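Structural overview
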Amino acid sequence: MGDTGDTEEKELSEAREILERSSSVIVLSGAGISAESGVPTFRGTDGLWRNFRSENLATPEAFWDNPGLVWEWYDWRRRAIKDARPNPGHFALAELENQKRKFTLVTQNIDGLHQMAGSRSVLEMHGNLWEIKCTKCGLVTKDYRVPLEELPPLCPSCGGMGRPNVVWFGELIPMDVIDKTLKAIEESDVMLIIGTSGVVEPAASMGLVAKQAGKTVIEINLEHTPNSSLFDITILGKSGEILPLLYTPSVAYS
Ligand code: BV8
Ligand code: ZN
């Protein structure tokens, strides 16, 4: 391998050693970890729908202005990912969780693939595409129908208009999720930041919070991000290929 190959090898072995020594891990994942499962990333070229930018549709204003249009977008995204399955990156994190005394997975993704891969302690910072919340009584229901029969879907309990149970731009992240994330950072030895462009707040500041708390931060991404210079190690490459190299699978005794 050329010198970049040697650096990559060095980063990888350093990251593997740090993870090996750690007993408490926190992970922050973004759309990049699901890219190899065929889920369109949020800002990549595949992040467009009918020429609308995702950021302009994922807002309460867009929804209340035209709930049908925003629901068409979410119905399209549900249809686009209904056959998506976890990739080796998701499975690696589920396996790593079994090996650590303490493990918290904070995801910005709303696709549910981490849970499908077997991850147990998942904090969904931006909600879940497969949940519908009633705008009248607040009831949240799991709904995997693709396509949805009626748009907007109506609450099974009070008939109120349903909304996707996700956090839109300009909306607050649930306080308990923030609290649990900050506590997990405090109690961690190392933070993995995987497949996120680091532009959406407050998720994008979690790496800085970890550094200010004296933690080691390892980033995995196809490219450098605005926060890369803050972190201890940035490993460039596909998370589905890199994550399985970062730990030794425990042997399953039959
Ligand atoms: C908040 C759910 C307090 C919905 C999402 C002005 C007015 C109002 C607010 C703001 C403002 N200015 C700033 C803000 C705050 C705003 C914000 O950050 N805006 C940004 C755009 C500037 N944040 C908020 O509003 C948050 N709430 O702050 O409340 C408040 C309240 C009022 C006023 C002010 C503050 C709420 C943010 C939550 C938004 N909801 N999703 C939905 O999905 O429909 S965010 C959306 O972006 C997705 O969740 C996505 O996960 C997330 C982050 O994107 P990424 O995951 O990073 O994905 P992206 O495509 O960007 O990048 C993919 C990365 O993967 C790339 O780096 C790529 O290189 C890499 N990659 C690709 N393939 C691979 C890979 N890496 C490894 N392997 C691969 N194979
Ligand atoms: Zn209701």
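Note that residues are indexed from 1 along each chain, following the sequence as it is written. A letter from A marks each chain and a number from 1 marks each ligand, given out in the order of writing. With pLDDT at 70 or above as the cut-off, local features in this predicted model cover only qualifying residues; side-chain atom pairs require 80 or more to be listed or tallied, and sums for whole chains, interfaces and linings still use all residues. Processing note: side-chain calculations cover all non-hydrogen atoms of the structure and skip hydrogens and water entirely.

Thoughts on the sheet that holds strand E8 (residues 162-166)
Pairing between strands is defined by DSSP: at least two bridges between them are needed. Note on conventions: DSSP H or I runs of at least 4 residues are helices, E runs of at least 2 residues are strands, and numbering of each starts at the N terminus. Overall, antiparallel pairing links the three strands, which are arranged E7-E6-E8 in an open sheet. Here the strands that pair on one side only, and so sit at the sheet edges, are strand E7 (140-142) and E8. Across the sheet, the mean angle from the axis of one strand to that of its neighbour is 40°, orientation sign disregarded. With four bridges connecting them, strand E6 (residues 127-134) and E8 associate as antiparallel partners. Across the sheet, Gly-127 pairs through a bridge with Val-166, a residue of E8. Here a residue-residue contact requires only that any non-hydrogen atoms of the pair lie within 4.5 Å. Where helices are involved, their axes are fitted lines through C-alpha atoms of the stretch in contact, as for all axes, and angles between N-to-C directions lie from 0 to 180°. Against the sheet, helix H5 (residues 67-81) contacts E6 and E8, and its axis sits at roughly 140° relative to E6.

Some words on the site of ligand 1
The cutoff for a nearby residue is simple: one of its non-hydrogen atoms must lie within 4 Å of the molecule or strand. Around ligand 1 there are 35 residues in total, and Arg-43, Tyr-74, Arg-77, Ser-197 and Asn-221 lie nearest to it. In protein, a polar contact means a hydrogen-donor-capable atom and an acceptor-capable atom, both N or O and within 3.5 Å, with residues adjacent in sequence counting only if both atoms are side-chain atoms; elsewhere, any N or O pair within 3.5 Å suffices. Within the backbone of Ala-31, one N or O atom sits 2.8 Å away from an oxygen atom of ligand 1. The backbone of Gly-195 places a nitrogen or oxygen atom 3.2 Å from an oxygen atom of ligand 1. For ligand 1, whose unbound accessible area comes to 1,400 Å², protein coverage reaches 75%. Counting only elements with at least two residues in the shell around ligand 1, the list comes to helix H2 (32-35) and H5. Tallying contributions element by element places H5 first for the shell around ligand 1, with three residues. Each residue is assigned to one class: nonpolar for Ala, Val, Leu, Ile, Met, Phe, Trp, Tyr, Cys and Pro, charged for Asp, Glu, Lys and Arg, and polar for all the others, Gly among them. Its residues assigned to classes, the shell around ligand 1 comprises 15 nonpolar, 13 polar and seven charged. Start and end positions for the domains come from either an automated domain assignment or a database one. Looking at which domains feed residues into the shell around ligand 1, each of domain 1 (3-38 + 85-126 + 172-245) and domain 2 (44-82 + 132-166) supplies at least three. Each accessible area value is a Shrake-Rupley result obtained with a 1.4 Å probe; residue values ignore everything except the protein chains displayed when judging cover.

Overview of the domain arrangement of the protein
Looking at the protein, the domain boundaries give domain 1 (3-38 + 85-126 + 172-245) and domain 2 (44-82 + 132-166). Spacing between the C-alpha centres of domain 1 and domain 2 amounts to 28 Å. Tallying the contact residues gives four residues for domain 1 and four residues for domain 2. Roughly 340 Å² of surface becomes buried between domain 1 and domain 2 when both sides are summed, with 56% attributable to carbon and sulfur atoms. Criterion for a salt bridge: a side-chain nitrogen of Lys or Arg within 4 Å of a carboxyl oxygen of Asp or Glu. Linking domain 1 with domain 2 are zero salt bridges. The interface formed by domain 1 and domain 2 contains one residue pair in polar contact (both at pLDDT 80 or more). Residues that form the side of domain 1 that touches domain 2 fall into these classes: one nonpolar, one polar and two charged. Two parts placed together each lose some accessible area; with a 1.4 Å probe, that loss summed over both constitutes the buried area.

Brief notes about the coordination of the zinc ion (ligand 2)
Coordination of the zinc ion (ligand 2) by the protein involves Cys-134 (SG), Cys-137 (SG), Cys-155 (SG) and Cys-158 (SG), with metal-donor separations of 2.2 to 2.4 Å. Here a donor is an N, O or S atom found within 2.8 Å of the metal, or within 3.2 Å if the metal is Na, K or Ca; sites may look incomplete because water is not among the atoms. A site with four donors is called tetrahedral when every donor-metal-donor angle falls between 85 and 135 degrees; four donors are called square planar, and six octahedral, when opposite donors sit more than 155 degrees apart and all other angles fall between 65 and 115; any other arrangement is irregular. In this structure, the zinc ion (ligand 2) is coordinated by four donor atoms arranged in tetrahedral fashion, with angles at the metal of 97 to 119°. As a motif over one chain, the donors of the zinc ion (ligand 2) read C-x2-C-x17-C-x2-C. Accessible area is worked out with a 1.4 Å probe on protein chains only. A residue is then buried under 20% of its type maximum, exposed over 50%, and partly exposed in between. The class for Cys-155 is buried, based on a relative accessible area of 8%.

Structural notes on the nonpolar core
One finds Leu-93, Leu-192, Ile-235, Leu-243 and Leu-246 to be the most contacted residues of the largest nonpolar core, which totals 24 residues. Mapped by element, the contributors of at least two residues to this core are helix H1 (3-21), strand E1 (24-29), helix H6 (88-99), strand E4 (102-107), strand E9 (190-194), strand E10 (216-221) and strand E11 (233-236). The dominant element in this core, judged by the number of residues it contributes, is H1, at four residues. Setting aside its immediate chain neighbours within four residues, Leu-243 contacts Ile-33, Gly-89, Ala-92, Leu-93, Leu-192, Ile-194 and Ile-220. One finds Ala-58, Trp-73, Ala-84 and Trp-168 within the second-largest nonpolar core, a separate group that totals 21 residues. Joining through side-chain atoms within 4.5 Å is the link that ties buried Ala, Val, Leu, Ile, Met, Phe, Trp, Tyr and Cys residues into a set, and such a set is a nonpolar core.

Focus on the side chain of Ser-239
Here Ser-239 lies in helix H10 (residues 239-242). Assessed through its relative accessible area of 5%, Ser-239 is described here as buried. The residues contacting Ser-239, other than those within four sequence positions of it, are Gly-32, Ile-33, Glu-36, Gly-89, Ile-194, Ile-220 and Pro-244.

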